[in-house]
Every structure is written in structure tokens, then in C-alpha cells.
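# Overview (structure and organization)
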Amino acid sequence: MMKFRFRRQGTDPQREKIKQELFAFNKTVEHGFPHQPSALAFDPRLQLMAIGTKSGAIKIYGAPGVEFTGLHKDTTAVTQMHFLPGQGRLLSLLDDNTIHLWELVAGPPRELGGVKKEGVVSLNEVGSYSLPGRPGIESCSATRVTVLLLLKSCDLLCIGTEGGGVYFLELPRLLLKDNLTLPQDQITQSLPDDYRCGKSLGPVESLQEHPQQSGKILIGYSRGLVVLWDLNARHADQLFLGKQQLESLVWERSGSLFVSSHNDGGYSVWSVTSGNACNPQPVSSTIPYGPFPCKAINKILWRTTQAGSPVLLYSGGMPRASYGDRHCLTIQQDKDHVTLDFTSRVIDFFTVHSVEQEKEFDDPSALVVLLEEELVVIDLQTPGWPSLPTPYLAPLHSSAITCSCHISSVPPKLWERLVNAGRAQQGRWPICGGKNLAPPPKQQELLLTGHEDGTVRFWDASGVALTPLYKLSTANVFHTDCDPCDDPQDPGNDPDMQQEEEWPPFRKVGCFDPYSDDPRLGIQKISLCKYSNKLLVAGTAGQVIVLGLNDERSDHSVDVSVVDLLQDREGFTWKGHDRLEPRLKPAPFPPGFQPQVLVQCLPPASVTAVALHAEWNLIAFGTSHGFALFHEYQHFFYYVIHQHPVAFCFLRCTLHPNDSLAMEGPLSRVKSLKKSLRQSFRRIRKSRVSGKKRTITTPTSKVQEANAALAEQEEVAPVQRRIEPRSADDSLSGVVRCLCFADTFLRDGTHHGPTLWAGTNSGSVYAYALEVPGVGSGRACERGGASESSTCVEAVLGKEIQLMHRAPVVSISVLDGRGKPLPDPYEASQDLAIAPDMTNAHSVLIASEEQLKVFSLPKVSAKTKFKLTAHEGCRVRKVALVVFSSAVQEDYSEHTLVCLTNLGDMHLFNIPGLRPQVRYDCIRKEDISGIASCVFTKNGQGENNIFSAAACLLSSAGFYLISPSEYERFSLSAKVLTEPLSDSVNLPATLHSNRQTGNQTLSWLSCLLLHLTGQAETPSSLSSPVLETPLDSPLSCADLTLDSTGELTVEDVRDFLTTVDEAENNLKNIKEEEGRSPGILIN
């Protein structure tokens, strides 16, 4: 009797419903500093600040957590912005000479959980205008807008142009008032003959309204002429005949004088008096940093104070020869003079001061400076003018980000200690507009970023505003060129400094520093145990540092241990960088995480993988040469050598004899790329030759092959791509890609115990059975682990697996008897999670770049697999095991494998069956940096949490870099979404519109609407449609290593080197398969 098995057709409707309740992809908010800012504006009444970018984005910020985002239709740079004070409206000028009007519109009230909530405010574009050119003239350069001025009445917009004309636009209708147009010729006719000289006045450089008399404006022309123009009488009240090229103008509050800045680095004070129609000379002219040639003062502000002396602020003006490359802003008041020295270009600045008409003085309280790479706020009310810490918009890339790590459900005690350790100078944040409608987060989240300068920064990622909490520096563990332990002396106590003061009086401000004193300090891997407060960081020069949390300042020395991973190898010479020299003498360490042990790998290659098990007091780390195990109290290393123990040490060197590239260090990128190209071409030639020499098979053999292939699965395998095996002597084949600890069955099926798993770049997996003091079979040690008097830890090689095609191992995860991931250290022993199932057989999930595979333990026999590369033609880059909770059923959740591929798409699988669930397009495949920087969040313990479901449930999500300074946050959960929710303060009633929001639907992918803050129930309109994936479509691999980013390597760009040839081969394979009939298994 013949038995037929056909591929299952259709989908299960019940399962599709469950997937919709579990999964939903949304790009939610952007964290960090806007990339390439180009314009700045401030609303003193609503206390809102706006930043425009070169990509056409507008971001409005208020109090921490209040954020609005809008995007122009065209990707054109925003050159100027102006708020209509108190109206919730904003004008923007783009580089294409168009003017746009935006509104903050309050939506209708909403109801959540039976409670009526305020409407969410969104930023919408309501109109645009383009100034027409002159009739009969093809070039529109004469009407190109150079400056905008919004009158205090907010009903008229003055537009200065390159041709010298001034136009007027009625607001908010954006209608041109032809009867008010002021051509340059009309001004020229009133000039004295000796000043006219037949020369053009040039473009309009500045427009300023009289602070006391409405309808009168100052018009400054590039040539130096300044005109006080009366709009109502349409004539010039006064002419100021400047002879130096003009840059900017500013009024004094009383209107009796104004200040002009010029391109020679000077500024002039002009008196405004009635009866004097022509004023040829200013009251005073000063070149503050002369007498040698200076750069232009681009912008100047004059602010009066109740103390008497005004505050003068201006950007630029530095001596051209000596400091022409400096980015500076000067603050002067009486004898106080400070030159703020920034590391990036000044875009614009403003002061927060009194704007009420009844007030006599400005009394500025803060200076806000927008730089190309950061935002700096200066406290003008405190002596010395210190800078204020920013609660948001902190530059993530103050030093280049090299890795990242996300920690969810942070214990309150650890959170409090981190906040206290990083408590910065207190000060009132001057930008405090808006109202955050988001409820307090149910749990605290940490985002840890490692940087090139050896620092680890801790960020509050619980909401929309990514707030800096604490910064840890590892540089003081070593001797470096810039020694942070040498406290700079107070210049006031140095007699030499008192006699010889620096001029200009520079003061370094800001935290953006693109240059690292020593790139070897760069952080490559981070691991944090949130229960024991242990932190493990590893760097570029093979340094591994174990740190503990201390609330007090401490002066101590750090224990140093050295491990030679090439101990038994001969003929290898390290050609890379030297190791960092550790500091042997006691050094001061501030409160926070303080180093306890320094482990130095030799050769000092970059650390590629780390694992921390604080409950067992064990750490493991790997490089391109091998991996090692370290006991925190014993300070002994355990390697593996020839699969048997030797004295106190076991050595496992993963270096291949032909892998000379691993000895050259990261400075040999060019050689690595060339070698990769050569190997790619060799593989192509090899595949073409092997394709020509096909063996002739009989029809019978083909049927047998088909039946054998079908017998591996219940369903017919889809068309698969041909995968070329990787050579054993490929460059960097010995790189350790992942490490993990697990309490599981390795020796037999009845006794479980500690194990260490390691995966390499050549597809090798090593599993070691560990004998840890105080940890017996089936029982965990108490907190504190083994003592120094305990016996040594022993490591014995239990299993060794070699994956087919030698694909790099991305992740290793051990699953318990229920098919769920093992809990983190301390979670089971401290009753923080449900104990793992130790009665049924365990399994191990190994994710390589090409496939996912589940092996049973302890026999290590294959249970199920999914060939991602063969099915989808992509490679695994990042993976994670995440808990998804149903949006409908409170008590239902699933453990899911989430995978990001080199094509930027996200695949979700169930475990342990590895059945594809959904697929989403997340990152552009050309965005190599974004894919390399992606880090997944790990859900609150879900059903592992023995507390109530409402205790701490976080949306399953992740972060990736969309620019050097910005993280994009995405969500995969259908239940909880980190969604911006805000309300702007005191918006006019006309803006609280109940208009239909059909054209205002929030679309995170198109970024048309605003990001504000908080967690909220996910509206169905926000959920992107699920991209259905056939059940035979492969998806992704798993990785519990949440730290990522790192350096871009040849592996990251290899996909783009061979894409064309692989596509041709894949197409060829598919065409060959199309002629075959559907597979039928005949028994």
C-alpha cells in the first residue's frame, strides 16, 4: 500500500489569531541627539525648543518626556525656524526657498480602560509658500530668502532676500502683501551720494523689530548699511552708515541703541535718536580679540540685567591665524570674560530671559547653544557660568559607540545606587514646556553603551527621553598619555598661572570628543548581573575588567592576572598593538562601579565574547586566539589543552595553523579585505568548475535522494539554495563568537551541573563540564559562591560539535525540559523566577549564520533545524530569546526566537520547534552600521516571573543606530508599546481641534507625526500589518548576548562583496528546481 504525504496547504486560523495578539512591529521613538542639526528656535511663552535638521526633520522639545517630530515632504535642509509665541505654531524655511507653517494640534479626548484621557498633541504642517521670482527673470536668486522676522503681533512675516528686497507675508494665511513690499531701490534713493557710490547694498542680512515701538524694524544689508524703517508711514526714520560687512543685529531692550556685528571680528554700538536722519558713526566699535585679523562674529546678543552691566554674547571673532579653527562663543559682563570652546561647530544659540513688556530688564537665566554634535546649556545666574546637565538630547556619540547592552527590570536598589553614583550638578532645566501624559514606567530599563575612549555610559531607557544616569571610565586602571588620575591643579593656586593668563580665556565646554587618547581603551563587550551588582567589561587590547558597585570613593590597587592563550603554540608572532600598561599603585575611584580584577589576554587581541555567572563567581572570555575561564576568588585560569586537565590550567587555543591574519590585529583591515576578495573569487571559480563536472545519475537514484530528503521532515522541503562549505583555513576562523554558562545535563541524563559552552567562527562548538566549589549536582550555591579556601574549579571537555559548512556560531542557548530558556543567575535560587524543569531532557539551541538547530542533551543528537540561508538567502547577524505576552489573554505568553539578518529583516520563530511565525522589514540592508549595532531588549520575566503579570511587562523590542548620534527604538510586541504621549501647555482653543484624524494617523515608518513619551496600550491603527511568511520559509537565529555593535569587520561587508555572483547561482538553482515535479514520499 502506498502512503502519500503532501505539503500542508493553508494556515491555521486559530494560530493566525494568536500571532496577531502576540506580535506587532512598530518603530516607536528616536533616542539621542538629532543628526546634522541646521536650525534652532525657542518659544519663550510655551517654553518649547525646536531643532531642524539637514534631512528636513523638525523636533520640538519641552520638559523631559515631551517631544514632537515632524518631517517635511522633501528631504531638504531646514535653514531657519521661528515660533509664533504662545500659539503652538512654527514657521520653517527650507533650503529650496519654501516657507512652511506647522501647528501643534490637540486631538480629541480618548478613553483607555474606562478612564477619559486628554487628547494627544501632534505636529502637523498646515501650509507652505514659495516667494515668486521677478517677472521676465529666469534666475530666482534675487528672491532667495536670506532672513525671516516675525513681528510681535504674529500676523506679519518679514522676508529679507538676496536681492536686497524685503517682502511681507500675512499670517496664518501665508498671503503676500504687495503693498508693503520694500525694494532695495527705494532705500538707495534716500542714501547720501558719497555713500551710494554706485554699489549695491547687498543681501539683507538681518531684520529686527523695535522692542518698544511696533511697526518699526531694523534692516541690515550686507554692505554695512542699517535702516530703521517705519512700516506704517513707509519711510526710513534713520540711516546708519556702516562701512564694514554686516553679519547680525540685536536691539537693546529699551530700544535706545542696537549692536551690529561684522565680518572683521568686531561689533559696534549705535545710538537711536530722533531728529538725526543720518548717523555715519557708531557710539563705539570694538574688536575684542584684535588687533590681528579675526574671523567674523556671526551672531551677537545684548541682554540687560538688574545688576547693571549688560551680558554680551557672540559667536566667532577668534584671531584668524592662531585660533581660526576653534568653535567658540564668548560671554562678557563687566570684567567677567569667558570664551566657551566647543569641539563642534556652533549652529545657533538663544537665551532664556524675561519677555514680559512690563519688565525693565532681560535678566537672562540660561544660554542654550546648539552645536553640530551636541546641545550645551549654560547657567547664567550662577557665578562662573557653569554648564547644566541635559536630561535629554545628550550626545550618545560623545565618543564613538563600540558596543551596547540592554538591561530590563532593573532592581530598585541597583537603580537608586546608580542614580546616586551619577548624580550631577543640580539645576533647573530651562526648557520645561508641555505635559507628559505617559504613566510612570512599570519597570526601569538600562541601556549601557561602550565607547572608544574606554567609558561605559548608563542611560535611563524607561521612556522616550534617553536620560544619562552615570558614566564609568576604565582609563584610570591603566597608564595612558592623558592620565585621568592626575588631578589638574587649580589655576588660582598656581602662581605661574596667575602671572600669565591665557588669552582668549578659553574654557572647554561640552562632552563631545571625537578623538580617543588611546584606541586600545575601546570597550568591545559588556555584561552586567543586576542581582549581584557585578559588571564585566572587555576591551580592544585584550583587557577584561571585573567591577563591583561601591557607594563610597575608594583608593585601591587592582589585582592583575595575565593569561597567554598561545601558551603551547610555536611559530606565531603577534604583529598588532601592545597591551595597555596596568597601574600598579593605588588609584582613586569615584563612587559607582569600581574595578576589582584586571585580566589581560596575550596576545592583546580584541575580546570578541564574554560571559558572566555571578552566582558561580565565574567569567569566561574569548578572543581570536582562544577562550579562558576565570574564577573571581581563586584568580586561576582554566583552559583546555588536548582535552585533558593539566595542573591548575586548561588551554583551548582556537587558532588555526594557517590563520596568520589573527596575529595582525585590527590595524590590518586592508590585508583582511584583500584576502577576503581573493578567497571569494576562488570559491566562485571552484563552484563553476564543480558545476561543469556533474555526475550522471539514474532516475532511480534521484527518487532515492528525494525520498531521503523528504524523510528528514514531515513536510516537503522548499527549494533550497546551494551552500558552499567554508574552508577550514579561512581567515579568523578561530575567533570565539559566543560563550554561555548553563546548569544542564552534559555527562549523562541523570546528573546535571555547571557547564560552559563556546562557539567559534569556524562552526565549532565546545561544551565543558565544570566542577564548581559549592555547586553540586542539581543544587545551586548560596549567594557569595565559593571561598578562597575551596578546591579549584575543574573543566573537562564533554562534547565537541562541528557544524556543516563551518558557518560561524552566532549564539548558544540551553533550553530546559519544557523547552524554555534557563533563568539568569540568582533568579531561580532567590525565587525571582520559576525554577527550570530538571526532570525532562534538556536541549541546546545553536544558531549559526546559516541555520538554527536544536540538539537533545546529553546525547547531542539533532532534533530539529531550520536552514535560513538555504531558504531565504540571508545570514544571521543578531538573535535573542524573548517572551511575548498576549494582548488579549493576560495569562498567555510564548518564548520566541527573534533574529535579525544581514538583509535587515526580522524573523520570529517559536521554540523549540523552530517554526517560522512572522517576518518584518526593519533596517535597510545597505545600513551595515545599523544592523551591526542592533541590540534586543529582554522582556520582563513573563511567565517565568512568579509575581503578578502587571509587575513588570516590557514591550519586546530593540535599538539600532540610525546615525552616529541616534538610536531608533522598535517594538515587536502587540501588548505594550513605548508610544509618545504628550500635551502642550496652554494651547489656544483654536488649536484644540476635533478635526478628523484620518489624515493624521500615526505612521512610525513615514515619521510624519510626533514622538512624545511613555508606554500605552497599543492602538490597532498603530500596528503594522503582519508580513505573512509561509511555514517553510526560514527565519532567524538566536542569541542571548545582548551586547552588540563593535567594529565593522570583513564579515559584515562580505555579503556585499559576493552578492551578484550568489544571486546568479541562486537564480540558476531555482530554475533547475522549477522543472521538477512536487515531491511525494512513497512508502
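The shown structure was predicted, so the numbers you read here are calculated from the model rather than taken from an experiment. (Residues numbered from 1 in each chain as written. Predicted model: local features only at pLDDT ≥ 70, side-chain atom pairs only at ≥ 80, totals over all residues. Heavy atoms only, no water.)

We now examine the nonpolar core. Side chains that are nonpolar tend, in soluble globular proteins, to be buried together. Ranked by internal contacts, the top residues of the largest apolar core, which has 33 residues, are L446, L448, F458, I526, L535 and F593. Residues contacting F458, with those up to four places away along its chain left out, are L418, L446, L447, L448, T467, P468, L469, Y470, L472, L535 and F593. In this structure, Y267, M318, C328 and I378 belong to the second largest nonpolar core, which totals 32 residues. (Core = buried A, V, L, I, M, F, W, Y, C linked by side-chain atoms within 4.5 Å. Buried < 20%, exposed > 50% of the residue type's maximum accessible area, 1.4 Å probe, protein only. Contact = heavy atoms within 4.5 Å.)

Attention now goes to the packing of aromatic side chains. This model, assessed by the stated rule, comprises 23 aromatic pairs. Judged by centre distance (6.2 Å) and plane angle (90 degrees), the ring pair of W616 and F741 falls under edge-to-face. Taken together, the positions of W616 in the loop between β48 (609-613) and β49 (618-622) and F741 in strand β53 (residues 736-745) put the pair 125 residues apart, joining distant regions of the chain. Each member of the pair, W616 as well as F741, is classed as buried. Following the ring pairs from residue to residue traces out a cluster consisting of F25, Y920, F936, Y960 and F970. Stacked on the ring of Y195, the Lys or Arg R223 has its end atom at 4.5 Å from the ring centre. When the ring centre of F506 is taken as reference, the NZ or CZ atom of R326 above it lies at 4.3 Å. (Phe/Tyr/Trp six-rings, centres within 6.5 Å; stacked < 30°, edge-to-face > 60°. Helix = DSSP H or I, 4+ residues; strand = E, 2+ residues; numbered from the N terminus. Lys NZ or Arg CZ within 6 Å of the ring centre and 35° of its normal.)

Further remarks concern the UniProt feature "repeat: WD" (unreviewed entry) in the protein chain. UniProt records the feature "repeat: WD" (unreviewed entry) at residues 446-460, using the numbering of this structure. Secondary structure within residues 446-460 divides into 0% helix and 80% strand; the distance between the first and last C-alpha atoms comes to 5 Å. (UniProt positions renumbered as here; feature names shortened; annotations may be inferred.)

Let us now look at the pattern of salt bridges. Within this structure, the stated rule accounts for 26 salt bridges. For K975, the salt bridge goes to E890, with nearest N and O atoms at 3.0 Å. Within this pair, whereas K975 is found in the loop between β67 (966-973) and β68 (976-978), its partner E890 is found in the loop between β61 (876-885) and β62 (893-901), the two being separated by 85 residues in sequence. K975 sits in the buried class, given a relative accessible area of 12%. Looking at E890, the relative accessible area reads 53%, which means it is exposed. Between E926 and R924 there is a salt bridge, with the nearest N and O atoms lying 3.7 Å from each other. Judged by relative accessible area, which is 48%, E926 ranks as partly exposed. (Salt bridge = Lys/Arg side-chain N within 4 Å of Asp/Glu carboxyl O.)

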